[in-house]
Structure formats: structure tokens, C-alpha cells
Amino acid sequence: MHLQFKRKIYDEISEWKRNQKHVLLVEGARQIGKSEIIERFGRENYKNLIILNFIKHPELQEIFEFNLDPIRILDDIGLLFQVKIDRDTLLFFDEIQECGKAVASLKFLDIEKKCDIIASGSLMGIRKKESISWPVGHIEHLKMYPMDFEEFLWANGIDTSDLKKSLTNSFNSKSQISSVVNDKYLEIFKKYMTIGGMPEVVAIFLEENDYGKTFKKQNDIVEDYYQDIAKYAPASMKDKIRDCFASIPHQLMKENSKFQYKFVNKNAKSREYIASLNWLKDSNIIHYSYKIKKIDSPLSSYIDNGFFKVYLNDIGLLCSMIKGHAQMKLINDLLGENKGGIYENAIANIIVFNNKELFYYKPNENSSEDVDFVFESENNIKLIEVKSSNSKALTLQKSVTEKSIAIKTNNGNIGFINNIFTMPWYIFSLFFQEINNL
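Starting from 1, residues in each chain are numbered consecutively following that chain's sequence as written. Only residues with pLDDT of 70 or above have their local features reported here, since the model is predicted, and side-chain atom pairs are shown and tallied only from 80 upward, although totals for entire chains, interfaces and linings are computed over all residues. Excluding hydrogens and water, the side-chain values take into account all heavy atoms of the structure.

Colleague: Would you mind showing me how to read the overall build of the chain here?
Modeller: What the chain contains, in helices and strands, is 17 helices and 13 strands. Radius of gyration (C-alpha) of the chain: 23 Å, near the 22 Å computed for a compact globule of 438 residues. Counting only C-alpha atoms and orienting by the principal axes, one finds that the chain spans roughly 70 × 55 × 45 Å. Partly exposed describes any residue whose relative accessible area lies between the buried limit of under 20% and the exposed limit of over 50%, with all areas from a 1.4 Å probe on protein chains only and scaled to the type maximum. For the chain, with 438 residues in total, the buried portion stands at 56%. We call two residues in contact whenever any of their non-hydrogen atoms come within 4.5 Å of each other. If you take every contact in the chain between residues at least 6 apart in sequence, the share linking residues at least 24 apart comes to 67%. Summed over its atoms, the accessible surface of the chain is roughly 19,700 Å², and 46% of this surface lies on carbon and sulfur atoms. The positive count covers Lys and Arg only, the negative count covers Asp and Glu only, and His and the chain ends enter neither. Taken as the charge location is NZ of Lys, CZ of Arg, CG of Asp or CD of Glu. Averaging the positions of the 58 positive and the 59 negative side-chain charges in the chain gives two centres separated by 4 Å. Labels follow the DSSP assignment, with helices taken as runs of H or I lasting at least four residues and strands as runs of E lasting at least two, numbered in each case from the N terminus. This radius of gyration counts C-alpha atoms alone. The globule rule is 2.2 Å times how many residues there are, raised to the power 0.38. Per-residue and other accessible areas follow the Shrake-Rupley method at a 1.4 Å probe size, with only the shown protein chains counted as cover for residues.

Colleague: Can you walk me through the packing of helix α10 (residues 238-253) against helix α11 (residues 270-282) in this structure?
Modeller: Two quantities define a packed helix pair, namely the angle between the axes and the distance from one axis to the other. Interaxial angle, 0 to 180 degrees, is taken between N-to-C directions of lines fitted to C-alpha atoms, where a helix line uses only the stretch in contact. Packing of α10 against α11 brings their axes to within 9 Å, and their N-to-C directions diverge by 70 degrees. On the basis of the axis angle, α10 is roughly perpendicular to α11. Residues K240, I241, D243, C244 and F245 of α10 form the contact with α11, whose participating residues are E272, Y273, S276, L277, W279 and L280. When residues are grouped by polarity, Ala, Val, Leu, Ile, Met, Phe, Trp, Tyr, Cys and Pro land in nonpolar, Asp, Glu, Lys and Arg in charged, and all others, Gly among them, in polar. In the contact of α10 with α11, the residues fall into seven nonpolar, one polar and three charged. Just so you know how the angles are binned, under 35 degrees is roughly parallel, over 145 roughly antiparallel, 65 to 115 roughly perpendicular, and the rest oblique.

Colleague: Hey, could you run me through α11 in this one?
Modeller: Helical periodicity: at 3.6 residues per turn, an α-helix aligns residues three or four positions apart in one direction. One less than the residue count of a helix, multiplied by 1.5 Å, gives the span that helix is expected to have. The end-to-end C-alpha distance of α11 is 18 Å, a good match for the 18 Å that 13 residues give at a rise of 1.5 Å each. Its buried side turned inward, α11 meets α9 (211-232), α10, β6 (286-292) and β7 (303-312). Once α11 finishes, N284 follows within two positions and takes phi at roughly 65 degrees, a positive value.

Colleague: How do you make sense of the sheet that holds β6 when you look at a structure like this?
Modeller: Two modes of strand pairing occur in sheets, parallel and antiparallel, and in both the strands are linked by backbone hydrogen bonds. Read across the open sheet, the eight strands follow the order β7-β6-β8-β9-β10-β11-β13-β12; overall the sheet is mixed. Of all the strands in the sheet, the pair left with one neighbour each is β7 and β12 (415-417). Pairwise comparison of adjacent strand axes, ignoring direction, gives a mean angle of 30 degrees for this sheet. Relative to strand β13 (residues 420-424), β12 runs antiparallel, the two being bridged by three bridges. Note on β13: the bridge partner recorded for I417 is I420. Pairs of strands are assigned from DSSP output, requiring at least two bridges between the strands.

Colleague: Explain the pattern of salt bridges to me, please; I cannot follow it from the model alone.
Modeller: For side chains bearing opposite charge, pairing can occur when the charged atoms are close. By definition here, a salt bridge exists when the distance from a side-chain nitrogen of Lys or Arg to a carboxyl oxygen of Asp or Glu is within 4 Å. Using the criterion set out here, one finds 23 salt bridges in the structure. Note that R72 is salt-bridged to D76, the shortest N-O span being 2.7 Å. Pair noted here: R72 and D76 are both in helix α3 (residues 70-81), with a separation of four residues, about one helical turn. A salt bridge links K294 to D296, with the shortest nitrogen-to-oxygen separation between them at 3.9 Å. Each of K8, D148, E150 and K164 takes part in one network of salt bridges that share partners.

Colleague: What should I look at first to understand unusual backbone geometry in this one?
Modeller: Backbone phi values are negative for most residues with the exception of glycine, while trans is the configuration of most peptide bonds. A cis geometry characterises the amide bond from S297 onward to P298, with omega recorded as -5 degrees. With respect to the element layout, P298 can be found in the loop between β6 and β7. Notably, Q31 is not glycine yet its phi reads approximately 65 degrees, a positive angle. Tracing the chain through its elements places Q31 in the loop between β1 (23-27) and α2 (34-45). The backbone of E95 shows a phi angle near 55 degrees, a positive value even though the residue is not glycine. Its place among the elements puts E95 in the loop between β3 (89-94) and α4 (100-112). Classification of E95 as buried rests on a relative accessible area of 14%.

Colleague: Is there a simple way to explain the nonpolar core in this structure?
Modeller: The nonpolar side chains of a soluble globular protein tend to be buried with one another. F245, Y426 and F428 are the most contacted members of the largest nonpolar core, which has 105 residues in total. Counting residues per element, this core draws most heavily on helix α14 (residues 340-353), at nine residues. Sequence-distant contacts of Y426, that is, excluding residues within four places in its chain, are made with F149, L167, I177, V181, N182, Y185, L186 and F189. What we call a nonpolar core is a set of buried Ala, Val, Leu, Ile, Met, Phe, Trp, Tyr and Cys residues that are connected through their side-chain atoms within 4.5 Å. Formed by 24 residues, the second largest nonpolar core is a distinct cluster that contains V23, I85, I117 and I139.

Colleague: Explanation requested: the state of the cysteines in the structure shown.
Modeller: Two cysteines form a disulfide when their sulfur atoms are joined by a covalent bond. Disulfides are defined as pairs of cysteine sulfur atoms found within 2.5 Å of each other. In this structure the tally under the stated criterion is zero disulfides. The closest cysteine sulfur to the non-disulfide-bonded C99 is located on C115, 16 Å from its own sulfur. Note on C99: relative accessible area 2%, which makes it buried.

Colleague: Would you explain the pairing of strand β11 (residues 404-410) in this entry?
Modeller: Regular strands show a simple pattern: their side chains alternate between the two faces of the sheet. Judged by how many residues are buried, β11 sits mostly within the fold: six of seven residues are covered. Relative to β13, β11 runs parallel, the two being bridged by five bridges. Its bridge partner being in β13, A406 is matched across the sheet by I420.

Colleague: Could you clarify how one ought to interpret the pairing of β13 in this entry?
Modeller: Judged by how many residues are buried, β13 sits mostly within the fold: five of five residues are covered. By the alternation rule, side chains of β13 split into I420, T422 and P424 and F421 and M423, which are all buried. The antiparallel pairing of β12 with β13 creates a hairpin that spans two residues between the two strands, and N418 there sits at a positive phi of about 55 degrees.

Have a look at this one:
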């Protein structure tokens, strides 16, 4: 990847540097740009940057084999890289899931505080290994995700501060946006859903302007995920994890997007497969959305155990896993009636990327109606219905309460009728914080 993209997490890492108390662990799925952004941060903010990548250089694991004495470890690293390690040094442990003893050493390195330390990795299965001593109390966690829609706009050279400034009045007054502007950004959002937020995929598209090469890179990343499952997953779970991962597009494209084990394996039982799904969740590849029985705070108190939906971490990868040229059909509005699951996944990602838990509401299991997403804010509960077209939101009308605000996202314009705030998908993304504060 030749292009360097502006990422929001850079500011969060800067905040950690100003106020740090412990080692920073940047956690996220593979290939979302963790290494690139941390390396860039290190080069721009420290005199010395030392990178220990445990995949590229597995021999570096030997530094941690003898003992976990932090002074010895730092001395060995300093000698190896010919750098005097001090407070103007950033020590970057990349792909730390490859070296369990490096994970354990973070506790002692944090106590010593001779330099700043950032670790990153997908941490696939590492917390499940009983032999690894996890440095509880010595880690500050930071979740990283694929590029969101605003970062995608930045990558395309669009100044979102000007865009948001011009759209703020429409958002606040719930009045319509100019149709020519609205149509433009609806099209860009569909392009974002097709390409997704994996930096290498975005870079190929921007540099080559070639959908074929872009889609090939997406397929390569999906295949890399399968290879990671083969490498990191417990032997007894590998096949089940692969089957669960492969079933996600079908789970979302069927009429009822609730996760059903029979679409993984016709004889599958939840007790046999839930650990496999949890492995994918712990690896930051998927997100759960739990069914709730009642719309009230706290939402987690009303989870209906056993019922949930599963969404993929990147909307572009989801589209690439759907057979039948789904990407181009999405761009050209040629997908069938079950395309709603794709839009649900896009909105799910927006909510998760803003550090909200996912829930959905269904009055009863036999009902054909549900509220696609429910999340809590400081002021109230937000009910979100996702439409792939400008159709009515009947379930929202029935479910809204005095303690909640109802929002319908679709391909229309901004509006407000029957106590439902309607907005296009891209507005939901760009104004999420404002929506959270409503």
C-alpha cells in the first residue's frame, strides 16, 4: 500500500501519549491498518522507533525466552537495534499474538516505564491459552476497526468538515438536503459499501480505479482470514469456525437474519458451535447483535438468550463473500429483495465503530417485525430501522416510547413524520455523535 490515509485512531493514540498510565494495546482484526498507523505515529512523535514484528522476524521471540526481567529485555533490544532506549523512544511490539512471553513481559515493562510501549495484534485465540500470563492492570486497550465512511471520504479527497458544516442546518432542523447533494453522497455511500474499509482495498481502488483488482484484493483478504483460522484456531474447532464464517453472508441475506445454526450445518447444535462463533468475535472478525425482550434501560438486562444476529467487521468483505457479482449489482441497484442484510451490516458497523453495543428488538419470536438496532445513549434509547429503499417503518411506530427516539435510515432524504426521524445512510454515519446526543 503506497497511500497513507488519515485515521481517527491517530488522535486517540495521541491522547494516550499525553495521558498514558500503562502500555497501550491496539487490538483489531487483521489487515485493518494497525501496523501502518502505529509506525507512522512513532516516526512522527518520537526520536527513536523500534519495531519488533514477531511474524516477520520470529527469531525476536528469543529475547523473551530466558526470563522476563525488563532491564535485561530492554538492554538486549537496545543492543540489537543499536538504539539508546529512553523516554523519547517508542517500542512497538507488532503481531504480539505470536509471542505469548512478550505479552507476559508487558506487565514488567510497564512497571519499569523506561520508554513508551505500544503493542498490537489480532490476538486470535491468545487469551484462551492457559500458559500465557495476561498483564491485567497494566494495559490500556484501544479498539481499531476498518475505515469508516468519513475516513473513506477523506481518502477520496473530500473535506468532511465543509460537508458537515453545510449539512448541519438540515440535520438540526430535520429539513431536506438539496437533492443533487443527497444523490451524490448516497452514491458514494453505496461505493463505500462495495469497497469497504480495508486500507489495502481502498488504496488499490484509488490508485488503479479498477473494480476487478479491488474485488480480487477483497477475496485475498477473505482467504487470509481462512488461513488465520487454520493457523490460530484450536484444532478441535477449526472446521466449525470455518463453517460459521462461511455461513455469514447467507445468514444475512435470508429473510430472517437471525443467526441459525442449521445454515452452518443441518445437524448443528448451538452448544457445539457457540465457542466457534465466540472465537470469531474475540478475533474481531464478527460482531454480535443480541435480541432484547423489552426496550428499557439497561438494555443488557433484557437480553433474550439464544437469539442473536452476526455481522461481519467490514461491509466490503461481506459483499465480496456474497456470490453472484453482488458488488456491481449493489452499485447498479440490481440486488434482489433480500439485500436488506447488506445495509443492516453497514449500519451495524457504524454503531460498533462508535463503541456502542448492538441489540435488536423483536416483540415475539413468531413476529415478522423487529427493530433492527437498539442502542443506549446518555439521554435515552435509540431505535434504528434500516431500509434498503424509501419504505415505511411500521415496526418503529409501534415500538417507540417516551424513553426512546426512532430513526429510519434509507436512500431517501431527511424528514420527520409520526415521531420518526428519517435520514439517508451517510447522514447516520457522519452525524452519529449528534444522533447519540439527541
